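Below are the chains, spelled out letter by letter.
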Amino acid sequence: MRVLHSKMEAKKSKSKQRVVRVFFSSPFGGLEEEREELTKKYWPQLAHLCLKAGYEFVPVDMRWGITSELSSQAATIAICLRELDRSDMIVGFFGQRYGWHGDKDEFLQRTFDFALPRYPWIDKYRDRAVTELEFLHGHLNNPGARPACFFFRDKKYDDKRLAEAEASGDGGVARKFKATTDGPNAAQFLDDLKRRVKETQNKCLDINMSYSTPAVGAKLMFDTVYKHIKETILASVTEVKELTQYEQQQGQHEAFLVSRLGMGGEYIGGQDYLKTIDSHVLNKTAGTFTGKPLLVCGESGSGKSCLLSNWLLQYKERHPSDIVAYHFIGCATGTTDEKGILQHLCLILENECPNVTSNLPEKDAKKTSKAEGLEDVRELKRYLDELLMKTNKMDTQVVMVIDGLDKMESKNKTAQALFWFPKQFPSNICVIMSTTSSDKPNIDELTERGFKQMSLSRLTPKHRTTIAESMLMVRGKELSPEQKKKVVVHNESGNPLFLMILLKELCSFGDFFKLNDYLDSLLHSKSTIELFGKVLERLEQDYSPKDRETNVVEEIMCCLLEAKQGLTELELKSILHISDQVWSTLYFAIDYFMVESAGVYRLAFAELAEAGRLRYYQADETKKRHYQDILITYFYDIFQQLSSHYKTRISPRVLNELPWLLEKVGDKKKLISCLTSLPFFNALWNSQKYELIGYWNATDEAGEYIMKRYLSALDEQITIIYNDAMEKDVRPWPNTSQELLDTAKALTEFLEDAGHFMIREPMILRTIKMHDATYIEDRLLKDADVAELYCELHNTLACQYASMERFEEAEKIHKELLAIKDKFGNRPEKNDSLKAVTLNNLGYIQTKMGKHVEAVEYYQQCLDLHKSVHGKMHVLVADTMNNLAQTYFQQGQLNEAISMFEDAIEIYEEVYFGVLPPDVGGTVLNLAMCKIRTPGLDIKTVEPLYQKALDIRVNAVGRDHPTVSQTLTSFGSFLMRLEEYDRSMKMFTEALAISEAANGLENQETLKILENIALVYLIEKKLEEAHPYYKKAGDILHKQGRMDMSLPSLNKCMVDYYLNSGRHADAIDALLRIVGTHFATDRDYAALDFLIGELPVDQRPKIPKEHTVVAAIKQFPNSVMLLGRVMEALCQSGDGEAMRDVLMAGNFDGSQFNQSYAQFMQNGQGESAQHIIIAAAEKFPQDGIILENTAKCHAMHQRYPEAIALIKKAIDVNPDDLGVLELGGRLMAMGGELQDAQEISKKALEKAAEQDQEELVTKLKNTLQLIENSIAEQNNS
């Protein structure tokens, strides 16, 4: 590894000497092939070498770059020699052409005259060629003063090419290889020049007097220049030394900074922007530090990184005592997520100002940094706050610059804008950030935090001209006025990235005669994306091997587009079968367009990526899938070749790319095969936990399936371990339970984190079984570490049982664990901490079982232990206080609960340095609810607590986080109690937008908010506005089978509204959701049954049996409303027994029995009706009407004895009832009791006569006549 010898010296050297300029000198004609090789093959490699050291390689080739206008002004010699003055070394090469010369050439002599004032020595060389003048000025006039090397092509090659050209009749080509082309003395002058060069061999880096071909010559030049740059120029900057993590990271950012300073380190056209940044950091007049936060915005490619890089360099040079911490997001691996950014900033503060560094724990004494040991984003954020506060106390100015917020790749699945970055800073801190103009979330968040915004506008024509001239001057080139005008007036040249890519393309173009046409083709581009498309086209033409059937540029581009992180050189060569020669040539040509991080290459510009998609995919998704499949095949083959042994190391490249690609293409089968591989699982679990969960979610498999697959994988692993032991002849046999215990434990944790908590019991039991098989019981009682693991596993099982409401089993396990922990007193602090956890869990169980007194006892013991181990001001103490306070709250001990909540909050605020985590907001909400229920307290005084809870959560996670949505919902509900409906509606509306975006429409919290909004509209009597919110929430809850969560009062009022307004369809819709819930009433079932009954038969929805009125009346057995609907339903089906059961189960009187019986009879259901009336007679033996109806029923079925017995009872109950008497006479007669029949009928006749009921009298007389006739016949017989 290499490190900068001196940080300050290195920075100064970079600011003054950032260019390695090499002058390539040769005649104009005959050496095009060498220049082509150099331009396309070797100059990119030299540029790469320099770039890695923070330098820019500038090859100066004057065989294009001198315009016809300058030539006409006789400036050729002057320009060439001036460029040579600016160069670090000279590389000369010749063929057999000597070049333009002649003291009789009038125009050439004018060029001598033009250069003579600056270079008087040239006067005695007026007969010599321009190239020889370059050799003289660059080396021969003062050999050794400037590094030099010279190469002359073998005459045999030129003679061969000359013969070929003459044979083909190509005079133009022939001139390039004919020595006499440039005049009769050309060969003599060239030989003389060779001799003089040869004589200075000991002063040159290298001389070759007869290289065989242009390719060989170009390679010789490259080798010489490469060696000199590496061993001389760059070696003076660095020395060998092992890099610390800080030095590695800072080196990457410094190299990126230098690479963005501008072509040749020149920053053109942005001086006003630099002053604007200064004004935010410094007081303009006094020059003192002001530290106002600034956000730099601009479209992609507008030069934000370039601006900030130049400003940083200038500021550091002007204010060397200030701490300047800068982070370029995306410049290297580990720079794009929250952890990487915070850790790097902390490392800078630690190293730039060592006095602020906190003391490290003893176990980390070997580490040079506390920041290196922190993994959690929240801890890093807190540590950054701590470091900044210490710099404030030291009166040290700190400037923090974070460039490229739009390039962040957050690992937090619910990450909100800048939740990870502190919101407030001491007065000695100035923060500058940058992002694209389209990055609305970050811009809105920073604006809310008080950042002023500076937008980079497009380049003006003046700036474009200056930049173009400056960039070309760096390369020793210049465009003609006409060409320059074309560049400047082009609309897209206002974008710095477009202009830079355009100019770099021109500098990479080797044929001067075709330059104008090429410029025109580039300027046809209407966007940077189109320009990159032309770059790709040029790369394809220049670097696609003629003997290769496929387009290698396309293949590389598409593979990089489809990879998750990018691809390594080896991967690209292996996947696409690219030879080293082809790769090397192409790599150095495209290196500028790629970003390399830890050997992985990805495209450097989003515009280039889009150009690639447009050029190679367009609308053809099959081609995209083709390249995805190529990558999958490569990585999946590597995966399949690996051993299935759980200890097998999975390459990070396979781990990062393969499952991501499989998810992207939807190949669930292969994805599952990866995820269920235990070595693959272990690798993902240890490094990409949330990605693992996401991959499983993409398979759409249920938790039960996942658990079974992993249980099977454990079984298979046992066989694999034994087979491996047999192959290696391992003795003794491996203890598979011991080996796989950690994996099984990780699988248990995964199932919980993945949301499959309720089904993981078999995996927990399997893990415990493996632990029991590993450690004998005797060791459990003696080995504290074994006991600790045992307790951890059984604690997991107990918590599982508690969540399943198997409280007694959970309680039993926790008490057993307490007994085990009590046996190990040799580690009191650790043991007490573990006991406290168990006591806390026991308290939770008691709370759930309603045993609040016992819960308080457990929580109090837990609290005492935490205080003894950690002291009073510890987060675990506050957590236990929170639990204890909630238990007091549930007991109605409001004062105790309030006091405990307030103490917990005080500890949280102290422990978290005011940067409170979102959970503390929940504690504040609980405190608010306690106070609301306190008798005599004005609830308006509680509002500040709701605001505080909201502020805590917003500060912790940003405005758009789900926990903020929950807080807004609670706040809104509180405001409803105050009848402040407008404010509550605003709370609910914002909460809905957050929850729907973060959780989705079908989330429980989202649905709750929808109903709250509907409720506010309902209270305000805006029922039509309430309807869509109520319906949307209800439809989703019903689909999910969670209608029990819906608000009962809301449902009742909305159904009333629908019924009263005649909206029967909406009423049916609502009632279909309501029936079956815990809050459904008999009215709901009855109304639904009635409304459906009103519909045409073919339009009636199908009702589940359990939601019918027949089923409902079992829930509401005394409902008269339901009875009527049930009566109608059973009457139609003729189920008298069911009707009887309904009547008997309820508290109904005889009239309902009679009514049911009558309705059955009217509907022609006499057979079924008897079940109703017979039961009625048994239940109401003194009800005359029931007795009468029952008697009729028996008579109808010719059960005369039963009928007579009942009618006699009816007569006893109602002896004066003529109807009963008349019926009794007839029934007795029909039953053969003629004497009784005669007596009863006579009695009835007498009463009928007394009441002048002539019709009945006639009827009774006829009945008596029949009875008397029957008696007579009986006597005669």
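Residues numbered from 1 in each chain as written. Predicted model: local features only at pLDDT ≥ 70, side-chain atom pairs only at ≥ 80, totals over all residues. Heavy atoms only, no water.

Teacher, can you tell me more about the overall build of the protein chain here?
Counting its secondary structure elements, the protein chain contains 59 helices and 15 strands. Relative to the globule expectation of 33 Å for 1277 residues, the C-alpha radius of gyration of the protein chain, 47 Å, shows a markedly less compact shape. C-alpha atoms of the protein chain, sized along the principal axes, occupy 175 × 80 × 80 Å. Contacts spanning at least 24 positions in sequence make up 69% of the contacts within the protein chain whose residues lie at least 6 apart. If you sum the accessible surface of the protein chain, you get close to 58500 Å²; carbon and sulfur atoms cover 50% of it. Computed over 154 positive and 185 negative side-chain charges, the separation of the two mean positions in the protein chain equals 7 Å. (Helix = DSSP H or I, 4+ residues; strand = E, 2+ residues; numbered from the N terminus. Rg over C-alpha atoms; globule rule 2.2 N^0.38 Å. Contact = heavy atoms within 4.5 Å. Areas by Shrake-Rupley, 256 points an atom, 1.4 Å probe, with all protein chains shown as cover. Lys, Arg positive; Asp, Glu negative; His and termini not counted. Charge placed at Lys NZ, Arg CZ, Asp CG, Glu CD.)

Mind showing me how you'd approach a nonpolar patch on the surface here?
Taken together, the side chains of Tyr-722, Met-726 and Trp-733 present a nonpolar region at the surface, about 330 Å² in accessible area. Take Met-726: it is sitting in helix α31 (residues 703–728). (Patch = residues over 30% accessible without salt bridge, like charges linked within 9 Å, V, L, I, M, F, W, Y side chains within 5 Å. Salt bridge = Lys/Arg side-chain N within 4 Å of Asp/Glu carboxyl O.)

So what exactly am I meant to see when it comes to the nonpolar core here?
One recurring pattern in soluble globular proteins: nonpolar side chains tend to sit buried together. Ranked by size, the top nonpolar core spans 121 residues in total, and within it Ile-556, Leu-567, Leu-658, Phe-680, Leu-692, Tyr-710 and Phe-750 carry the most contacts. If one sorts the elements of this core by residue count, helix α35 (residues 784–803) sits on top with 10 residues. Excluding its chain neighbours within four sequence positions, the residues that come into contact with Ile-556 are Leu-572, Leu-576, Ile-578, Trp-583, Leu-586 and Ile-590. Ranked by size, the runner-up nonpolar core spans 110 residues in total, among them Val-954, Ala-1033, Leu-1071 and Ile-1113. (Core = buried A, V, L, I, M, F, W, Y, C linked by side-chain atoms within 4.5 Å. Buried < 20%, exposed > 50% of the residue type's maximum accessible area, 1.4 Å probe, protein only.)

It is not clear to me how helix α47 (residues 1048–1060) should be interpreted in this structure. Could you clarify?
Each α-helix turn comprises 3.6 residues. Residues three or four places apart therefore point the same way. In this model α47 runs 18 Å from its N-terminal to its C-terminal C-alpha over 13 residues, within 8% of the 18 Å that 1.5 Å per residue would give. Within α47, burial applies to Leu-1050, Asn-1051, Met-1054, Val-1055, Tyr-1057 and Tyr-1058. With its buried residues spanning 160° around the axis, α47 presents them on a single face. Contacts made by the buried residues of α47 are with α45 (1004–1019), α46 (1023–1040), α48 (1064–1074) and α49 (1082–1093). The first or second residue beyond α47 is Gly-1062, which carries a positive phi of 75°. (Expected span 1.5 Å × (residues − 1). Arc of directions from axis to C-beta.)

Even after reading the chapter, I still don't get the packing of aromatic side chains, so can you show me in this structure?
In this description, an aromatic ring pair is defined by two values, namely the gap between the centres and the angle between the planes. Tallying each qualifying case throughout the model produces 34 aromatic pairs. Measuring from ring centre to ring centre gives 5.3 Å for Phe-94 and Phe-135, while their planes differ by 70°; the resulting arrangement is edge-to-face. Here the residue Phe-94 occupies a position in strand β4 (residues 89–94), and Phe-135 occupies one in helix α6 (residues 130–140), the gap between them amounting to 41 residues. The pair formed by Phe-94 and Phe-135 is uniform in burial state, with each residue classed as buried. Joined through ring pairs, the aromatic side chains of Phe-94, Tyr-98, Phe-135, Phe-150, Phe-152 and Phe-189 make up one cluster. Here the guanidinium or amino end of Lys-670 rests over the ring plane of Tyr-636, the centre of that ring lying 5.0 Å away. The aromatic ring of Tyr-1030 is capped on one face by Arg-1073, whose charged end is 5.0 Å from the ring centroid. (Phe/Tyr/Trp six-rings, centres within 6.5 Å; stacked < 30°, edge-to-face > 60°. Lys NZ or Arg CZ within 6 Å of the ring centre and 35° of its normal.)

Where do I start with the sheet that holds strand β6 (residues 206–211) in this structure?
Within a beta sheet, neighbouring strands are joined by backbone hydrogen bonds and run either parallel or antiparallel to one another. Sheet architecture is open: 5 strands sit in the order β3-β2-β4-β5-β6, paired in parallel fashion. With partners counted over all chains shown, the strands left at the sheet margins are β3 (56–61) and β6, one partner each. Geometrically, the sheet is characterised by an average inter-axis angle of 15° between neighbouring strands, direction not taken into account. Of the strands in this sheet, β2 (19–25), β3 and β4 touch helix α4 (residues 76–85), which is tilted by about 140° from β2. Seen against the sheet, helix α10 (residues 214–233) touches β2, β3, β4, β5 (148–153) and β6 and runs at an angle of roughly 175° to β6. (Pairing = 2+ DSSP bridges. Axes fitted to C-alpha atoms, helices over the stretch in contact; angles between N-to-C directions.)

Would you explain the sheet that holds strand β9 (residues 323–328) in this entry?
Read across the sheet, 5 strands follow the order β9-β10-β11-β8-β12 without closing on themselves; strand pairing throughout is parallel. In this open sheet, the two strands that pair with only one neighbour each are β9 and β12 (452–455). Ignoring strand direction, the axes of neighbouring strands in this sheet form an average angle of 15°. As paired elements, strand β10 (residues 398–403) and strand β11 (residues 429–436) share 5 bridges and run parallel to each other. When the bridges of β11 are listed, Met-400 appears paired with Val-431.

How should the confidence of the model for the protein chain be read in this particular structure?
Any segment with low pLDDT has predicted coordinates that should not be analysed in fine detail. For the protein chain, the mean per-residue pLDDT works out to 85, and 91% of the residues sit at or above 70. Under a pLDDT of 50 for its full length, residues 238–242 has, in the predicted model, 13 contacts with residues more than four places off or in other chains. Contacts for the low-pLDDT stretch residues 358–367, under 50 throughout, to residues beyond four places or in other chains number 10 contacts. (pLDDT = per-residue confidence, 0-100.)

Would you mind going over the environment of Ile-932 with me for this structure?
Looking at the secondary structure, you find Ile-932 in helix α41 (residues 918–932). According to the relative accessible area criterion, Ile-932 is buried, its value standing at 9%. Remark: the alpha-carbon pair of Ile-932 and Gln-890, spanning 42 residues in sequence, is separated by 14 Å. Ignoring sequence-local partners within four residues, the contact set of Ile-932 consists of Ile-939, Val-942, Tyr-946, Phe-974 and Arg-977.

Could you clarify how one ought to interpret the pairing of β9 in this entry?
Taken residue by residue, a regular strand's side chains alternate between the two faces of the sheet. Taking burial as the measure, the 6 residues of β9 include 6 buried ones, the bulk of the element. The two faces of β9 match: Ile-323, Ala-325 and His-327 on one face and Val-324, Tyr-326 and Phe-328 on the other face are all buried. Note that β9 and β10 share 6 bridges and pair parallel. Bridge pairing in β10 links His-327 to Ile-402.

Hey, could you run me through the pattern of salt bridges in this one?
Any two side chains of opposite charge can pair, so long as their charged atoms come close to each other. This structure, assessed with the given rule, holds 70 salt bridges. Lys-573 is the salt-bridge partner of Glu-569, the closest N and O atoms lying 3.1 Å from each other. Of this pair, Glu-569 and Lys-573 both sit in helix α23 (residues 569–576), 4 residues apart, which is roughly one turn of the helix. Overall, Lys-573 belongs to the buried group, its relative accessible area being 16%. Beyond isolated ion pairs, a larger network of salt bridges with shared partners links Asp-127, Arg-128, Glu-132, Asp-192, Arg-195, Arg-196 and Glu-199.

What should I look at first to understand the state of the cysteines in this one?
Put plainly, two cysteines are in a disulfide when a covalent bond ties their sulfur atoms together. Under the definition given, this model contains 0 disulfides. Looking at the unpaired Cys-297, the closest cysteine sulfur is the one in Cys-430, lying at 15 Å. A relative accessible area of 1% places Cys-297 in the buried class. For the unlinked cysteine Cys-791, the closest cysteine sulfur is that of Cys-799, found at 12 Å. (Disulfide = S-S within 2.5 Å.)

Would you take a moment to explain the side chain of Arg-760 for this structure?
Inspection of the secondary structure assignment puts Arg-760 in the loop between α32 (736–753) and α33 (761–774). Classification of Arg-760 by relative accessible area gives buried; the value is 2%. Side-chain polar atoms of Arg-760 contact the backbone oxygen of Thr-748, separated by 3.4 Å. When near neighbours in sequence (up to four residues on either side) are disregarded, Arg-760 contacts Met-707, Thr-748, Leu-751, Glu-752, Thr-796 and Gln-800. (Polar contact = N/O pair within 3.5 Å; in protein donor to acceptor, adjacent residues only side chain to side chain.)

Can you help me understand the packing of α31 against α33 in this one?
To describe two helices that pack against each other, one gives the angle between their axes and the distance between the axes. The N-to-C vectors of α31 and α33 enclose an angle of 25°; their axes lie 9 Å apart at closest approach. Judged on the interaxial angle alone, α33 and α31 are roughly parallel. Crossing of α31 over α33 shows left-handed handedness. On the side of α31, the interface is formed by Met-707, Tyr-710, Leu-711, Leu-714, Asp-715 and Ile-718, while α33 contributes Pro-762, Met-763 and Arg-766. For the contact of α31 with α33, the per-class residue count stands at 7 nonpolar, no polar and 2 charged. (Parallel < 35°, antiparallel > 145°, perpendicular 65-115°, else oblique. Left-handed = near helix turned anticlockwise from the far one by under 90°. Nonpolar A, V, L, I, M, F, W, Y, C, P; charged D, E, K, R; others polar.)

How should the packing of helix α19 (residues 496–507) against helix α20 (residues 515–523) be read in this particular structure?
At a minimum axis distance of 11 Å, the contact between α19 and α20 shows a crossing angle of 155°. Comparing their axes, α20 and α19 come out roughly antiparallel. Viewed along their axes, α19 and α20 form a crossing whose handedness is right-handed. Residues Leu-502, Glu-505 and Leu-506 of α19 lie in contact with α20, whose contacting residues are Leu-515, Tyr-518, Leu-519, Leu-522 and Leu-523. Tallied by class, the residues present in the contact of α19 with α20 amount to 7 nonpolar, no polar and 1 charged.

Is there a simple way to think about unusual backbone geometry in this case?
One can expect most non-glycine residues to show negative phi and most peptide bonds to be in trans. Even without being a glycine, Lys-1021 presents a positive backbone phi close to 60°. You can call Lys-1021 exposed: its relative accessible area is 70%. A positive phi is found at Asp-1252, a non-glycine position, where the angle reads about 55°. The topology assignment puts Asp-1252 in the loop between α58 (1234–1250) and α59 (1254–1276).

Help me out: how do you make sense of the environment of Glu-1128 in this one?
One can find Glu-1128 in helix α51 (residues 1120–1133). Relative accessible area serves as the criterion here: at 32%, Glu-1128 is assigned to the partly exposed category. Expressed as a C-alpha distance, the spacing of Glu-1128 and Arg-260, which sit 868 residues apart in the sequence, is 85 Å. Looking at Glu-1128, its side chain comes within polar contact range of the side chain of Arg-1125, at 3.3 Å.

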